[in-house]
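# Structure at a glance
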Amino acid sequence: MVSSQAKQFISDHREEAFQLLKTIAQIPSPSNHEEKRMEFCKKWLEDMGAKGVYTDDALNVVYPFGVTEDGPVVVFMAHTDVVFPDTDPLPWKEEDGKLCCPGVGDDTANLVNILMIAKYVTESGLKSKDAGILFVCNSGEEGLGNLKGSRKICEDYKGRIREFYSFDGKLDSVTNRAVGSHRFLVTAKTQGGHSYGDFGRDNAIEKLAAIIEDIYAIQVPKEGKTTYNVGTISGGTSVNTIAQEARMLCEFRSDTKSGLDYMKEQFDRILDRPDITVELVGERPCENLSPETEARREELLQKAEKRLEAVTGKKVKRQPGSTDCNIPLSMDIPAVCFGAYFGNGAHTREEYVLKDSLEMGYEVTFETVLEYFE
């Protein structure tokens, strides 16, 4: 259970945390363009007394707490990017106990947990036990962000990360399998021409259509869960023009390495055609854990489940997912991902968080982090 002192802090700072959520949620932060939220979070941390806060070229905000030059670290992160491309302030409204804003839950509510916990340990003068703590407001978790923020942290602190937590998602689940993926931009080019006068020439759209048909004929492996998808398609000039160029974004995913390897073979075969160019635009690994690390990860999962269920009174489900934990899990680092709110509509403009659930989230995340402090 979270200490009475921490509970009092959560209660005393309820309004501050709410106003922080309201402010950050409206700051636009599309993947690969998180600069505005990065700048806000860095200044907020410094203004509340954090020392040594820095940003990196991946657009992460990092607050090292009790970190020595070569010592071990435990990472706590929540991502700053949202799936929406908006560059103007995101629309916020409150109604019937719901806090409504695109990206308010995924992942802004969880991001506020990182900031408020950092404030608590800083103001309380706590000391970490036997490892330094990295509080990270990280970039690039969504879409074509390609987990750049998590990659950067794991690269910069390679060999030093003891355990890794990502606050992402809701209070009702923990991520127990890392889903890997490969994402491609596929472009078809042809001579094109007039739809009547040059009838019979190759059409770039038809070429893509043939590829899509072959992709959707793939029989996925039975082991684990493996999927594929064509997400967007564009191209052509007009209804009476034989398309000279057409493009699509497609992907495959799997929660097993054998599934990823199998799908790579299938896509390599299907995409190996004349007048087709293929660009790998995203690659997320699945997990690669030793038996020892698998056992330690299981301990972290069970602790998270018990904390979530104790606070919410609800059964927690385990589910696979593609999260910032994919990177450490691929590097044999025990990692766990769970969230700190109830709500719905993630990745839609109708997303909302239930205001009454926020304090439950703080109890879970505070207890998780404070385990690593004296």
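A brief look at the structure comes next. (Residues numbered from 1 in each chain as written. Predicted model: local features only at pLDDT ≥ 70, side-chain atom pairs only at ≥ 80, totals over all residues. Heavy atoms only, no water.)

Moving on: the sheet that holds strand 18 (residues 352-354). With antiparallel pairing, the four strands of this open sheet are ordered in space as 4-5-18-17. At either end of the open sheet lies a strand with only one pairing partner, and these are strand 4 (93-95) and strand 17 (343-344). Two elements, strand 4 and strand 5 (residues 98-100), share three bridges in a ladder whose sense is antiparallel. Across the sheet, the residue bridging to Lys93 is Cys100, located in strand 5. (Pairing = 2+ DSSP bridges. Helix = DSSP H or I, 4+ residues; strand = E, 2+ residues; numbered from the N terminus.)

Okay, the side chain of Glu351 next. Looking at the secondary structure, you find Glu351 in the loop between strand 17 and strand 18. It turns out Glu351 is buried and unbridged, and the closest side chain with the opposite charge, Lys170, is 8.8 Å from it. Engagement of the side chain of Glu351 in a polar contact is seen with the backbone nitrogen of Asp106, the distance being 2.8 Å. With sequence-adjacent residues up to four places away left out, Glu351 is seen in contact with Leu99, Cys100, Cys101, Pro102, Gly103, Val104, Gly105, Asp106, Tyr341, Asn344, Gly345 and Ala346. (Buried < 20%, exposed > 50% of the residue type's maximum accessible area, 1.4 Å probe, protein only. Lys, Arg positive; Asp, Glu negative; His and termini not counted. Salt bridge = Lys/Arg side-chain N within 4 Å of Asp/Glu carboxyl O. Polar contact = N/O pair within 3.5 Å; in protein donor to acceptor, adjacent residues only side chain to side chain. Contact = heavy atoms within 4.5 Å.)

The buried fraction of strand 6 (residues 132-138) is high, at seven of seven residues. Judged by which residues are buried, strand 6 turns out to be covered on both faces: Gly132, Leu134, Val136 and Asn138 on one side and Ile133, Phe135 and Cys137 on the other are all buried. Sheet topology note: the strand 2 (residues 61-65)/strand 6 ladder contains five bridges and is antiparallel. Bridge pairing in strand 6 links Tyr63 to Phe135. Bridge count for strand 3 (residues 73-79) against strand 6 is seven bridges, and the pairing is parallel. Opposite Phe76, over in strand 6, you have Phe135 as the bridge partner.

So, on to the pattern of salt bridges. Per the counting criterion, the structure on display carries 32 salt bridges. Here Lys148 ties to Glu34 by a salt bridge, and the two come within 3.3 Å at their closest N and O atoms. Placement of the pair is Lys148 in helix 5 (residues 148-156) and Glu34 in the loop between helix 2 (14-25) and helix 3 (35-47), with a sequence separation of 114 residues. Take Lys148 and Glu34: they sit in the same class, and that class is buried. Within the structure, one salt-bridge network assembled from shared partners comprises Arg177, Glu287, Glu294 and Arg297.

In this section: the sheet that holds strand 16 (residues 335-338). Spatially, the eight strands line up as an open sheet ordered 1-2-6-3-7-16-8-15, and their pairing is mixed. Edge positions in the open sheet fall to strand 1 (54-55) and strand 15 (317-321), since each of these has one partner strand only. Relative to strand 16, strand 8 (residues 173-178) is paired through two bridges, and the arrangement is antiparallel. When the sheet's bridge partners are listed, Val174 is paired in strand 16 with Phe338. Along the sheet, helix 4 (residues 104-124) contacts strand 2, strand 3, strand 6 and strand 7 (161-167); its crossing angle with strand 3, the most-contacted strand, is approximately 140°. Along the sheet, helix 8 (residues 291-312) makes contact with strand 7, strand 8, strand 15 and strand 16, crossing strand 8 at roughly 160°. (Axes fitted to C-alpha atoms, helices over the stretch in contact; angles between N-to-C directions.)

Between Asp106 and Asp107 the backbone carries a cis peptide bond, its omega angle lying at 20°. Mapped onto the secondary structure, Asp107 falls in helix 4. Unlike most non-glycine residues, Asp275 shows phi in positive territory, near 65°. One non-glycine residue with positive phi stands out, namely Asp332, at about 65°. Turning to its location among the elements, Asp332 is positioned in the loop between helix 9 (326-330) and strand 16.

Of the two faces of strand 16, the one lined by Ala335 and Cys337 and the one lined by Val336 and Phe338 are each fully buried. Pairing between strand 7 and strand 16: four bridges, direction parallel. What sits directly across from Phe167, in strand 16, is Phe338.

Next up on the list: the side chain of Glu34. For Glu34, a relative accessible area of 0% translates into the label buried. In terms of polar contacts, Glu34 uses its side chain to reach the side chain of Lys148, at 3.3 Å. Those residues in contact with Glu34 that sit more than four places away from it in its chain are Ser29, Leu59, Thr80, Asp81, Ser139, Gly140 and Lys148.

Before going further, it helps to examine the packing of helix 1 (residues 4-12) against helix 10 (residues 358-370). Contact geometry of helix 1 with helix 10 gives a least axis separation of 10 Å together with a crossing angle of 140°. In terms of orientation, helix 1 and helix 10 fall into the oblique class. Helix 1 and helix 10 meet at a crossing whose hand is right-handed. In this structure, helix 1 uses Ala6, Lys7, Phe9, Ile10 and Ser11 to contact helix 10, whose residues at the interface are Glu359, Tyr362, Glu363, Phe366 and Leu370. (Parallel < 35°, antiparallel > 145°, perpendicular 65-115°, else oblique. Left-handed = near helix turned anticlockwise from the far one by under 90°.)

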